[in-house]
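Spelled out, the chains give:
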Amino acid sequence: MIDLHIHSNYSDGTLSPSEIIKKAERLSLKAVAITDHDTASGLNEAFNAVKNKKVVFIPGIELSVAHKPGELHILGLGIKKWENAPILEKISLSRKKRNSSIVKIMNENGLNITFKDLENQTKGTIGRPHFAAWLKSRGIAGDINEAFSSYLTWGKPFYIPRETITLTEAIDFIHSCGGKAIIAHPLNIPVNFTVLLEKIERWLAAGIDGIEAVHSGARRNLTKRLISYGEKKGVLITGGSDFHGVNKPGIKMGKTKELGEIGDEYLPEYFLRKSVSISSPKSQDPQLT
Ligand code: AMP
Ligand code: ZN
Ligand code: FE
Ligand code: FE
């Protein structure tokens, strides 16, 4: 069993990177990737935690890129040397601007939310899920879904758009870090399967290396069709749960809802070879190997 899509408390997950590694060991996972939203700052903690452990750790990130309809997320798997990357600074700035506007508009509407309330929820990226959790904790929304559907999605009172990076910027950054760019949960994109394949075709032409065909939320039959498509194209096919700890209680590490355990075949050989050098005990700084 493997899991190449996990969120820690450096974005909107609840477990720390060390706790994720511990849990992965307990579940006897062969490999895990931590893929926090728009940040790599939890990866060094995971590298420290994985020393002398059997589980293979693959450093990752999940980037949001501009797309309509819905959102397009790109996983960068097997990245290294991400420190001080200008693009991550740029994303962080655009989030800060957007988040300040949301705080302002919420306060103008009589809600007493502070930045501290948000910072207390994460060690890294602050996103709308943290605003949603705040609205839930104050009883303004009954649950996270309602917080989004009534307040935080497009057209709702606390929705503020954010400047996002382009697909090409995401791919270039991931490649410059030596990683592979994978379309995250393509089946979440709200278009029919034929249109989705046309889109994927274009994304592959733009430099995407693979697709996360196996994902906790995906339907079984569409997953199978996506795997066949990926095999035909000869691209990387990965699997990840999108585990967020208790923030998304229905999602279990290493598992999908309809297909059960995520098999080792959804860990491309490429990452296994690479991670051996990444987590080599000889290396002092895992980022520099
Ligand atoms: P942000 O990148 O800060 O704009 O937040 C986007 C994140 O919010 C996505 O990655 C999702 O995890 C989450 N999200 C978006 N829409 C919803 C929704 N309707 N219900 C729950 N979570 C959502
Ligand atoms: Zn998330
Ligand atoms: Fe995502
Ligand atoms: Fe995710």
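Residues numbered from 1 in each chain as written. Chains lettered and ligands numbered in written order. Predicted model: local features only at pLDDT ≥ 70, side-chain atom pairs only at ≥ 80, totals over all residues. Heavy atoms only, no water.

Caption draft 1: Layout of helix H6 (residues 144-152). Along H6, the positions that sit buried rather than exposed are Ala147, Tyr151 and Leu152. Along the long axis of H6, the arc covered by the buried residues comes to 65°, so they all point the same way. The secondary structure elements touched by the buried residues of H6 are helix H5 (128-137). (Buried < 20%, exposed > 50% of the residue type's maximum accessible area, 1.4 Å probe, protein only. Helix = DSSP H or I, 4+ residues; strand = E, 2+ residues; numbered from the N terminus. Arc of directions from axis to C-beta. Contact = heavy atoms within 4.5 Å.)

Caption draft 2: Molecular detail of the coordination of the iron ion (ligand 4). Taken together, His5 (NE2), His7 (NE2), Glu62 (OE) and Asp242 (OD) make up the full set of protein donors to the iron ion (ligand 4), lying 2.0 to 2.2 Å away. Coordination geometry of the iron ion (ligand 4): the 4 donor atoms subtend angles of 77 to 163° at the metal centre, consistent with an arrangement described as irregular. Separating the iron ion (ligand 4) from the zinc ion (ligand 2) is a gap of 4.3 Å. (Donors = N, O, S within 2.8 Å, 3.2 Å for Na, K, Ca; no water. Tetrahedral: all angles 85-135°; square planar, octahedral: opposite > 155°, others 65-115°.)

Caption draft 3: Spatial organisation of the packing of helix H8 (residues 193-205) against helix H9 (residues 220-233). The contact between H8 and H9 brings their axes to 12 Å, and the two run at 30°. Like other packed secondary-structure pairs, H8 and H9 cross with a definite hand, here right-handed. Facing Phe193, Leu197, Ile200, Glu201 and Leu204 of H8, the residues of H9 in contact are Leu222, Arg225, Leu226, Tyr229 and Lys233. For the contact of H8 with H9, a count of residues per class yields 7 nonpolar, no polar and 3 charged. (Axes fitted to C-alpha atoms, helices over the stretch in contact; angles between N-to-C directions. Left-handed = near helix turned anticlockwise from the far one by under 90°. Nonpolar A, V, L, I, M, F, W, Y, C, P; charged D, E, K, R; others polar.)

Caption draft 4: Summary view of the pattern of salt bridges. If you walk through the whole model with that rule in mind, you get 10 salt bridges. In this structure, Asp38 and Arg95 form a salt bridge, with 3.0 Å as the shortest nitrogen-oxygen distance. Here Asp38 is found in the loop between strand S2 (31-34) and helix H2 (43-50), whereas its partner Arg95 is found in helix H3 (residues 86-108), with 57 residues between them in sequence. Among the residues examined, Arg95 registers a relative accessible area of 11% and is labelled buried. Ionic contacts of the salt-bridge type, sharing partners, join the residues Asp38, Arg95 and Arg162 into one network. (Salt bridge = Lys/Arg side-chain N within 4 Å of Asp/Glu carboxyl O.)

Caption draft 5: Region of the structure containing the sheet that holds strand S1 (residues 2-6). Strand order in the open sheet formed by 7 strands is S1-S2-S3-S4-S5-S6-S7, with mixed pairing between adjacent strands. Of all the strands in the sheet, just S1 and strand S7 (236-240) have a single pairing partner and so form its edges. Recorded for the sheet is a direction-independent mean angle of 30° between the axes of neighbouring strands. Sheet analysis places strand S6 (residues 210-215) next to S7, joined by 4 bridges and oriented parallel. In the strand pairing of S7, Gly210 is matched with Leu236. (Pairing = 2+ DSSP bridges.)

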